[in-house]
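Secondary and tertiary structure notes
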Amino acid sequence: MTLSNNKKLIAVIGAMGQQGGGVVRALRAGGQFKVRALTRNPDKHRELADEVVRADLDRPETLKAGLEGAHGVFLVTNNWEPGTDELKQATAAVSAAKYAGVKHFIWSTLPDVEAISGGKFDVPHFTGKAKIDRIVKEAGFANHTFVIAPFYYQNLVSVLAPQKREDGTLGWALPIDPDVRGIHMGDISELGNIVAGAFAHSDKAGNGEYLPLVGDLMNFNEVVDTLNRQGHKFSFKQVPKEVFAVSFPGAAEVAETFSYFQAHTYLGSDSSDQIALANKIAGGQPSKFSAWARLNVPVQTLR
Ligand SMILES: NC(=O)c1ccc[n+]([C@@H]2O[C@H](COP(=O)([O-])OP(=O)(O)OC[C@H]3O[C@@H](n4cnc5c(N)ncnc54)[C@H](OP(=O)(O)O)[C@@H]3O)[C@@H](O)[C@H]2O)c1
């Protein structure tokens, strides 16, 4: 038997995405585990991992084969995909993992905005994930871990890229006070280091620990200042929540999310111990925004 046959297998759900892609890369770089990528389109991604298997969270019967023989599972659900019921999908994945005899389950969760804000803010893509934590915990895996993805730095060059503003400048018009430092941010490709570390050190990080990826805690003035020091000329304008909420489909939830950041911060509480543990498990500090931006926000492309 070759050494690789002895490696424990980790199944990554969402392996084609920003979170899962980083998990696959970190696991492969670590070399300790064999990696199986689960995707609805295996033919497109044959080279992605040691094994690429077709699975669809909306078709639970496909998860059985996808998780067979797996020691560990990483799960992220994607609320932005139309028709997604995160609770239903995660419940199906947890059941299939239990059936397959999975030992270590890692769930990419988010803070419980409903509990943190006493019901003041309604942010389903946060609270909906937090409600799944209990299902993961109560499933009785030998090990389970919660990782928390931050506000991706990548959002600032994709879904929240700077727009041409009315005054002719390029920048952001968002419903948040740019002086309030409340956004825990990070390079989402680095979430994989925490996940791979947790699988490798399940004794230290497999007992229900919460491990947030945080490269920086910032406000929008700091985001803009950092970028402008690197040669950009971005601006920021705070807009009323009610105006922003009707500016595009889905904007109301985005507006509510920014209000929550402003009132409670992204993580919702002092999480320094959890962040320190996450960094230790990942084996290093995550990238600061300035370092990420220097490489990923080239001055010429956004002008
Ligand atoms: N943007 C942020 O700042 C931020 C912050 C924290 C958390 N999040 C959360 O991150 C999640 C999205 O993760 P991401 O950024 O990694 O997404 P992404 O890059 O858009 O990738 C989505 C992944 O989900 C998989 N997927 C979707 N529906 C599936 C299904 N029915 N069955 C199996 N796989 C399915 C896709 O797989 P295939 O297409 O290959 O099948 C793909 O790999 C969202 O729930 C969001 O709330 C985002």
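Residues numbered from 1 in each chain as written. Predicted model: local features only at pLDDT ≥ 70, side-chain atom pairs only at ≥ 80, totals over all residues. Heavy atoms only, no water.

Turning to the overall build of the protein chain, a few remarks are in order. Along its length, the protein chain carries 14 helices and 13 strands. On C-alpha atoms alone, the protein chain measures out to a radius of gyration of 20 Å, which is about the 19 Å that the 2.2 N^0.38 rule sets for 303 residues. Its C-alpha atoms give the protein chain principal-axis dimensions of roughly 65 × 40 × 40 Å. A burial count over the protein chain gives 52% of its 303 residues as buried. The contacts in the protein chain between residues at least 6 apart in sequence include a share of 74% that link residues at least 24 apart. Summed over its atoms, the accessible surface of the protein chain is roughly 14,100 Å², and 51% of this surface lies on carbon and sulfur atoms. Here the protein chain contributes 32 positively and 32 negatively charged side chains, and the mean placements of these two sets differ by 5 Å. (Helix = DSSP H or I, 4+ residues; strand = E, 2+ residues; numbered from the N terminus. Rg over C-alpha atoms; globule rule 2.2 N^0.38 Å. Buried < 20%, exposed > 50% of the residue type's maximum accessible area, 1.4 Å probe, protein only. Contact = heavy atoms within 4.5 Å. Areas by Shrake-Rupley, 256 points an atom, 1.4 Å probe, with all protein chains shown as cover. Lys, Arg positive; Asp, Glu negative; His and termini not counted. Charge placed at Lys NZ, Arg CZ, Asp CG, Glu CD.)

For Gln-89, the position within the fold is in helix α4 (residues 86–99). Using a relative accessible area of 6% as the deciding quantity, one classes Gln-89 as buried. Not counting the four nearest positions on each side in its chain, Gln-89 is found in contact with Leu-57, Asp-58, Thr-77 and Thr-84.

The subject of this paragraph is the nonpolar core. Grouped together as the largest cluster of nonpolar side chains are 38 residues, with contacts concentrated most on Phe-151, Trp-172, Leu-174, Phe-220, Phe-258, Phe-261 and Phe-289. Secondary structure elements with two or more residues in this core: β9 (170–174), β10 (183–186), α10 (220–229), β13 (234–238), α12 (251–264) and α14 (289–296). At six residues, the largest contribution of residues to this core is made by α12. Setting aside residues no more than four positions away along its own chain, Phe-151 makes contact with Leu-156, Leu-160, Ile-183, His-184, Met-185, Gly-186, Phe-258, Phe-261 and Tyr-266. Of all hydrophobic cores here, the second largest spans 30 residues; its members include Ala-37, Ala-49, Phe-74 and Ile-188. (Core = buried A, V, L, I, M, F, W, Y, C linked by side-chain atoms within 4.5 Å.)

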